[in-house]
Amino acid sequence: MDLADRDRARVDEELERLRPEPFLGAFAAPLPKLVDEGGDAARAFDRMGELLGASEEAATLHFRVREGDDERSFVVHTGAEGSKVTSEVVGRPDVEVIVSAETWNEIAAGAISPLEAFG
């Protein structure tokens, strides 16, 4: 077993350990497929907003997707009236995720889980 296989095995073991956890378990599985691999990031976030829908808890999630020197912002606002996606950051978000475009594309296509991406 080479180093890459040992690293993959370690990640797989850690993901299995976290799956039963009430909070982190949801991030151990891939998200529902938001777009096809290599799809438009804006469409992926629109789809995320549709899937999240209304929530008793209001929250703001700021995703900063970087590609080279460029960065795009996608802000998902959730609340009782539903979810809305904008590019405008207002105030301090509850969650901020900084991710490369390549990694975001894998997450949005359902190819990897968020924990795999950032673990």
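Residues numbered from 1 in each chain as written. Predicted model: local features only at pLDDT ≥ 70, side-chain atom pairs only at ≥ 80, totals over all residues. Heavy atoms only, no water.

(A) Here's a closer look at the sheet that holds strand β3 (residues 82-86). If you walk across this open sheet you meet the four strands as β3-β2-β1-β4, and the pairing is mixed. For this open sheet the edge positions go to β3 and β4 (95-100), each flanked by a neighbour on one side alone. When the angles between neighbouring strand axes are averaged without regard to direction, this sheet yields 15°. Looking at chain direction, strand β1 (residues 59-67) and β4 are connected through six bridges and run parallel. Across the sheet, the residue bridging to arginine 64 is isoleucine 98, located in β4. Packed on one face of the sheet, helix α2 (residues 41-52) meets β1, β2 (70-79) and β3 and runs near 10° to β2. Across the sheet, helix α3 (residues 101-108) lies against β1 and β4, angled at about 110° from β4, the strand it touches most. (Pairing = 2+ DSSP bridges. Helix = DSSP H or I, 4+ residues; strand = E, 2+ residues; numbered from the N terminus. Axes fitted to C-alpha atoms, helices over the stretch in contact; angles between N-to-C directions. Contact = heavy atoms within 4.5 Å.)

(B) Layout of the nonpolar core. Of all hydrophobic cores here, the largest spans 17 residues; its most connected members are Phe45, Met48, Phe63, Val65 and Trp104. Of all the elements in the fold, those that place two or more residues in this core are α2, β1, β2, β4 and α3. (Core = buried A, V, L, I, M, F, W, Y, C linked by side-chain atoms within 4.5 Å. Buried < 20%, exposed > 50% of the residue type's maximum accessible area, 1.4 Å probe, protein only.)

(C) Structural detail: the pattern of salt bridges. Under the counting rule described, the total for this entry stands at six salt bridges. In this structure, arginine 47 and glutamate 50 form a salt bridge, with 3.1 Å as the shortest nitrogen-oxygen distance. Here arginine 47 pairs with glutamate 50, and both are found in helix α2, just three residues apart, close to one helical turn. Close ionic contact of arginine 66 with glutamate 71 constitutes a salt bridge, the shortest N to O distance being 2.6 Å. Bridged by salt links that share partners, the residues Arg64, Arg66, Glu71 and Glu96 form one connected network. (Salt bridge = Lys/Arg side-chain N within 4 Å of Asp/Glu carboxyl O.)

(D) Molecular detail of the pairing of β2. Pairing of β1 with β2, which is carried by nine bridges, proceeds in the antiparallel orientation. By the bridge assignment for β2, leucine 61 is matched with valine 76. Two successive antiparallel strands, β1 and β2, enclose a turn made up of two residues, where glycine 68 displays a positive phi of approximately 65°. As paired strands, β2 and β3 are joined by five bridges and run antiparallel to one another. Residue glycine 79 lies in a different strand from β3, and its bridge partner there is glycine 82. Here β2 folds back onto β3, and the loop between the two strands holds two residues.

(E) Representation of the side chain of histidine 62. Note that histidine 62 resides in strand β1. The class for histidine 62 is buried, based on a relative accessible area of 6%. A polar side-chain atom of histidine 62 sits 3.5 Å from a polar atom in the side chain of glutamate 96. Setting aside residues up to four positions removed in sequence, histidine 62 forms contacts with Ser73, Phe74, Val75, Val89, Pro93, Val95, Glu96 and Val97. (Polar contact = N/O pair within 3.5 Å; in protein donor to acceptor, adjacent residues only side chain to side chain.)

(F) Structural context of the packing of aromatic side chains. A full pass over the atoms with the stated rule returns four aromatic pairs. With 4.4 Å between their ring centres and 10° between their planes, phenylalanine 45 and tryptophan 104 make a pair best called stacked. Of this pair, phenylalanine 45 sits in helix α2 while tryptophan 104 is found in helix α3, placing the two residues 59 residues apart along the sequence. This pair shows no difference in class: phenylalanine 45 is buried, exactly as tryptophan 104 is. Between the aromatic rings of phenylalanine 63 and tryptophan 104, the centroid separation amounts to 5.8 Å while the plane-to-plane angle is 50°, which identifies the pairing as tilted. Taken together, the positions of phenylalanine 63 in strand β1 and tryptophan 104 in helix α3 put the pair 41 residues apart, joining distant regions of the chain. (Phe/Tyr/Trp six-rings, centres within 6.5 Å; stacked < 30°, edge-to-face > 60°.)

Keep in mind these numbers describe shape, not what the thing actually does.
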